Amino acid sequence: MTDDRRWMYRRRGPRGDYDDEFFNGLQQFFDFVYSRPGVHPNAEIRCPCSKCGNLPHHNRALVTDHLLRYGFMDAYSVWWAHGETLSNNVDPWFAASDVASSSNIEEHVNAADDFHHMVYDAFCPSEYDRHRNETEFASENVGDAPNRHAQSFYDLLRASTIPLGPASNDQTLLGWLSYMLHTKAKNNISGVGYNEIIHGCRKLLSPEDQQKVPSNFYEAKKFMKNLGLGYVKIDACVNNCFLYYGDEAKSLIACPVCGEPRYKRCNSAQTRKKDRPRNSLWYLPIIPRLQRLYMSRKTAEHMTWHLKCRVDSEILIHPAQSAAWKHFDAVHPSFAADSRNVRLGLATDGFNPWGHSSRSYSCWPVFIVVYNLPPEMCMRPEFTFLTLVISGPKSPGKNIDVFLRPLIDDLKQLWSSGVETFDSFRKQNFTMRAMLMWTITDFPGYGMVSGWSTHGRLSCPYCMEMTRAFYLQNGRKISFFDCHRQFLPASHSYRMDTTQFLKGRCEFGPPPPRLDGHSVRLRVAALPDVLFGNPSVNQTIFGFGETHNWVKRSIFWELPYWEDNLIRHNLDVMHCEKNFFDNIIHTVMDDSSSKDNVKSRMDLPLYCDREELQLYYDRSGSLCKPNASYALNTDKKRCLCTWLKHVRFPDGFASNIARCVNLAELRLVGLKSHDCHIFMQRLIPIAFRGLLPDSIWGPLTEVSNFFRALCSPNVNIKDMAVWETKIVEIICKLERIFPPSFFDCMEHLAIHLPFEARIGGPVQFRWMYPIERQMHKLKQTIGNKNHVEASIVEAYILNEITEFCSRYFGADVETSWSKPPRNFSAVPLYRNTEFSIFACPGHPMGSHSQTRCLTAQEMKAAELYVLLNCREVDALLDIFDREVGVYMTPSDPHKARTRSFVTWFKDRVLNGHHEGNGVLQYLALGPSWTVNVYREEIFQDEEPPSTQSNEHSSNLASTECMDLHAEGATVVDLNENVNDDVDENASEGNDGYETRSDASGDSSETE
């Protein structure tokens, strides 16, 4: 087969007759097509003529006739619709005019073919295989016109071959429109702004090309909308009790449950406006979105990645390795037989589109997560599909089942019969099935989707009616104090303690059993039917709050396989960790949100034997609250706040926590969920050391270690089983320190989190962080706040189109797939340097602010860091280790280097004991004591703040990045290495804490 395919567009010779080269080329084309394995000699093939565009199938004679009459379609030098791949060494695509310059032919071919593939991936060729008779052309003059959907395909296919501009042979109309809309969506440009940009761009084009380009955003979106998957708007009752969904409900004009009218009538009889529904649901069907994952060759291969990682290992990096996944495979082997079947998760939460304004509004989006994908793709926004948008202004509450109906029906179809889908990676059709693994919500949302209320004494969905929670008489709230000794081993000493928990009580009972799916299903099946909407306000199932907390039978139980899931609803680690941390920090800081308030102290005599913390009246008759050793005094709070004000982290690691420090009032305000996440896992062991007694600091450090292990991206099953036992003892230690009001449901739920991590896999696939980021993006796209939900859905559809198109862009276009790293710089920070350590790309953050002299400690740190990380010094470092190693124990090599390597290196090089080049001489001279200071966010785990001085100690957290100048050399101070193992040292010896004697103290002890 010849590589030169110019003959494809040279059909006729100079005299108008058919060229012999064209006939020979046709023979080569048919020989290639019918020589492929599995192609019958008499089989019908796709017709690549300019009229059919590879859509209908014809026999060889008719295809020959069409090619002679109409010629080949544009941009078809690579016969990809007939089994040829781009990797074949064929000559690039030539336009009909045959004037493409050889310098940019390859680039043009790749771009044109990529967008051809994009159109076919979006429309799925197999769909046209089933209806090819509708679009088959019998002759030149007789034929059926394409339907609307097929015509949209033709229009987009044609746009992928239309060049823009005489010098833009590598740019087509479809590619240019995709790029412009992608830029609008990525930068959140308004429609008016887009129109102005287009107006300026059109002036650069010729009049002929201006006619090709849509003149405004509306026209561009109308043209590109066929690449999207659309949405369905469904009317709903204003009281959230009925959804006008299905053929029978379409004709109704009033709610059959509450009788409320469906439409809001127009007041004027002369207006032509239609009656508007009083409430609506926006449904973005999930089936076509799952099909597109297989139809697109950019994602089809990744959808079976989970099959590669399903090996027996104690380290879990993906839900596919979890016990929940494997258990479902064992129960449903027919589903597990095809690795292309899809595992899903459902996530939902509400948000106020007006932020923290006084206007109350709650909009509820519902997302679907695809777990077939590899870890780096699984929770990305591109594969977290917005499926439902439930209108406000109020939360749907337990009526959310009404709005989930369309999604549940699709999930039932995906499970029972499946849908035919084209796998573009394997080039075959298959029946795709799907199942829902679990839901992801915050704790109030847990109650909405599960049907088990998360309020009151029975709020724990694991302990259920077996909980030991009780109501505080003065605090007027539910406390889970002393509910955890029952989870300890039967021989544990805490079980017999009658003084440090609930006074006079020993614990002999076993832990509550965890019900399996079948047991829960039997309970749910016995629940009575509940009417949703306003009539359900006064409906309470008998025994609610006493023997159970059920408020409804969840709609998820309609899924035939729901009871076979080991985890049906996830406890959100993000909110559990945040609420746990809030209780700790507010109580330790003793601010207005402290759990240790006057009412809490009034409850102490009723439940605990802690006389030293009880309220008393002084001589003047005033009620006094004794100081507790777990609460910081004014000097300690000032020291902590000052330290936090100056702490810095590696760039991109955390937000600026210093903005949350109020030095005037000595408190922390405005901490976000991720701020609490960082403080809990990284700062608690450092910040509280030296400020709190060891008997209190120790258990708090263990809590920090627990959440750090729980949130690890690699979950060790054995370690998590250990933490499942250890967290119970940690909570019991805290119960010996803090009052009963400290222990709400969030502290109790921590004992169930290791079980879910062991069964479900890493929490990164089951928590709300990616969902919260998605909702933040949705909030930013709201352009019309009078129609919040419609604005969100329209913006999402546009973003969905541009995100799909961006997968086919060239490498020179920045997309979410090719986004450079934060603060990326391709140019070395110092170009003229002989040292490898300074040849890496980078740039200082911030502007040069001042010049100062280094301290002796900073000079030592700078020299040591450079020498230990410079490749030119590696040979001398090995010599040092051999000479000094005989005096070192196995645990001391790093200490020896820190202590004496700089002095040894200078003596070795400057005194001529080592023959080396000038680079080592420069390094031995060391940096200058005068430095230029830049602002840089770096963090060091050093010593905690001291109460002896209110001034910030420079060895705690560096706030500067310095240029250290020496003779002939420039080095950068990165300070000392970050030590991530500080909490391991902090937790040593915690098992023997005597917390009772130090749990409280008088004013003299705490001062």
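Residues numbered from 1 in each chain as written. Predicted model: local features only at pLDDT ≥ 70, side-chain atom pairs only at ≥ 80, totals over all residues. Heavy atoms only, no water.

**Thoughts on the packing of helix α20 (residues 634-646) against helix α21 (residues 673-687)**
Following both chains from N to C, one finds α20 and α21 inclined at 130 degrees, their axes separated by 12 Å at the closest point. The angle between α20 and α21 falls in the class oblique. Crossing hand, α20 versus α21: right-handed. Along its contact with α20, which presents Leu-640, Trp-643 and Leu-644, the element α21 presents Phe-679, Leu-683, Ile-686 and Ala-687. Split by residue class, the contact of α20 with α21 holds 7 nonpolar, no polar and no charged. (Axes fitted to C-alpha atoms, helices over the stretch in contact; angles between N-to-C directions. Helix = DSSP H or I, 4+ residues; strand = E, 2+ residues; numbered from the N terminus. Parallel < 35°, antiparallel > 145°, perpendicular 65-115°, else oblique. Left-handed = near helix turned anticlockwise from the far one by under 90°. Contact = heavy atoms within 4.5 Å. Nonpolar A, V, L, I, M, F, W, Y, C, P; charged D, E, K, R; others polar.)

**Some points on α20**
For α20, built from 13 residues, the straight-helix expectation of 18 Å at 1.5 Å per residue is met to within 8% by its first-to-last C-alpha distance of 19 Å. Of the positions making up α20, those classed as buried are Lys-636, Lys-637, Cys-639, Leu-640, Cys-641, Thr-642, Trp-643 and Leu-644. One side-chain oxygen of the residue at the start of α20 lies 3.3 Å from the amide nitrogen of Asp-635, identifying that residue as Asn-633. (Expected span 1.5 Å × (residues − 1). Buried < 20%, exposed > 50% of the residue type's maximum accessible area, 1.4 Å probe, protein only. Polar contact = N/O pair within 3.5 Å; in protein donor to acceptor, adjacent residues only side chain to side chain.)

**Structural notes on the nonpolar core**
In terms of nonpolar packing, the biggest core is built from 207 residues, with Leu-290, Tyr-371, Leu-407, Phe-556 and Phe-688 touching the most fellow members. When residues no more than four places from it in sequence are discounted, the contact partners of Leu-290 are Val-342, Leu-344, Val-370, Phe-385, Leu-414, Met-432 and Ala-434. (Core = buried A, V, L, I, M, F, W, Y, C linked by side-chain atoms within 4.5 Å.)

**Observations regarding the sheet that holds strand β16 (residues 569-570)**
Strand order in the open sheet formed by 7 strands is β3-β6-β10-β9-β8-β13-β16, with mixed pairing between adjacent strands. Each of the sheet's edge strands pairs with one partner strand only, and the pair in question is β3 (232-235) and β16. Strand direction decides the pairing type here: strand β6 (residues 280-283) and strand β10 (residues 384-390), joined by 3 bridges, are antiparallel. Pairing of Trp-282 across the sheet is with Val-389, part of β10. Here helix α10 (residues 286-295) sits on the sheet and contacts β6, β8 (342-348), β9 (364-370), β10 and β13 (434-440); the angle it forms with β10, its principal contact strand, is near 170 degrees. (Pairing = 2+ DSSP bridges.)

**Side note on the environment of Val-311**
Looking at the element boundaries, Val-311 is found in the loop between α11 (306-309) and β7 (315-316). Put simply, Val-311 and Gln-321 are 10 residues apart on the chain and 7.0 Å apart in space, counted from C-alpha to C-alpha. When sequence neighbours within four positions are dropped, the list of residues in contact with Val-311 reads Gln-321 and Lys-326.

**Structural notes on the packing of aromatic side chains**
Aromatic ring pairs are defined here through the distance separating the ring centres and the angle between the ring planes. Inspection of every chain in the model, using the stated rule, returns 37 aromatic pairs. Ring geometry for Phe-880 against Trp-904: centres 5.3 Å apart, planes inclined by 65 degrees, an arrangement best described as edge-to-face. One end of the pair, Phe-880, is in helix α29 (residues 874-884); the other, Trp-904, is in helix α30 (residues 893-910), with 24 residues separating them in the sequence. Taking relative accessible area as the criterion, Phe-880 reaches 1% and is therefore assigned buried. The structure contains a cluster of three or more aromatic residues connected by ring pairs, namely Trp-7, Phe-22, Phe-29, Phe-30, Phe-32, Phe-72 and Trp-79. Directly above the aromatic system of Phe-755 lies the positively charged group of Arg-514, at a separation of 4.1 Å from the ring centroid. (Phe/Tyr/Trp six-rings, centres within 6.5 Å; stacked < 30°, edge-to-face > 60°. Lys NZ or Arg CZ within 6 Å of the ring centre and 35° of its normal.)

**A word on helix α2 (residues 60-70)**
In an α-helix, one turn spans 3.6 residues, which is why side chains three or four residues apart end up on the same side. Of all the residues in α2, the buried ones are Leu-62, Val-63, His-66, Leu-67, Leu-68 and Tyr-70. Looking one or two places after α2, you find Gly-71, whose phi comes out positive at around 75 degrees.

**Section: the environment of Ser-928**
Of note, Ser-928 is situated in the loop between α31 (918-925) and β23 (930-935). Linking Ser-928 and Leu-854, residues 74 residues apart in sequence, is a C-alpha distance of 8.5 Å.

**Observations concerning the side chain of Asp-675**
With respect to the helices and strands, Asp-675 occurs in helix α21. Since its relative accessible area comes to 2%, Asp-675 is described here as buried. Each residue touching Asp-675, except ones within four places of it in the same chain, is listed here: Ser-655, Ile-657, Arg-659, Cys-660 and Gly-670.

**Considering the confidence of the model for the chain**
Confidence in the prediction for the chain averages 80 pLDDT; 78% of positions are at 70 or higher. Within the model, the stretch residues 86-111 combines pLDDT values under 50 with 42 contacts to residues more than four positions away or in other chains. Per-residue pLDDT stays below 50 along residues 126-146; that stretch engages in 38 contacts with residues further than four places along the chain or on separate chains. (pLDDT = per-residue confidence, 0-100.)

**Looking at the pairing of β8**
For β8, the tally of buried residues reaches 7 of 7 residues, placing the bulk of the element in the interior. Burial along β8 is two-sided: Val-342, Leu-344, Leu-346 and Thr-348 and Arg-343, Gly-345 and Ala-347, pointing in opposite directions, are all buried. Summarising the sheet, β8 and β13 pair through 6 bridges and their orientation is parallel. Looking at the pairing, Arg-343 lines up with Met-435 of β13. As judged from the 5 bridges shared by β8 and β9, these two strands associate in the antiparallel manner. The residue of β9 that forms the bridge with Ala-347 is Phe-367.

**Examining the pattern of salt bridges**
Inspection of the entire model under this criterion finds 35 salt bridges. Between Lys-718 and Glu-314 there is a salt bridge; the shortest N-O distance is 3.1 Å. Here the residue Lys-718 occupies a position in helix α23 (residues 717-735), and Glu-314 occupies one in the loop between α11 and β7, the gap between them amounting to 404 residues. If you follow the salt bridges from partner to partner, you end up with Arg-468, Asp-482, Arg-485, Arg-505 and Glu-507 in one network. (Salt bridge = Lys/Arg side-chain N within 4 Å of Asp/Glu carboxyl O.)

**What to know about unusual backbone geometry**
For the bond from Gly-392 to Pro-393, the omega torsion is 10 degrees, close enough to zero to count as cis. Looking at the element boundaries, Pro-393 is found in the loop between β10 and α15 (400-416). Phi is positive for Lys-427, close to 55 degrees, though the residue is something other than glycine. By the secondary structure assignment, Lys-427 is in the loop between β11 (419-423) and β12 (428-432).

**A few points about the state of the cysteines**
Each disulfide consists of a covalent bond between the sulfur atoms of two cysteine residues. Enumeration over the complete set of coordinates arrives at 0 disulfides. Its sulfur unpaired, Cys-241 is 3.3 Å from the next cysteine sulfur, which belongs to Cys-237. Its relative accessible area of 6% is what places Cys-241 among the buried residues. Cys-676 forms no disulfide, and the closest cysteine sulfur to it belongs to Cys-660, at a distance of 8.5 Å. (Disulfide = S-S within 2.5 Å.)

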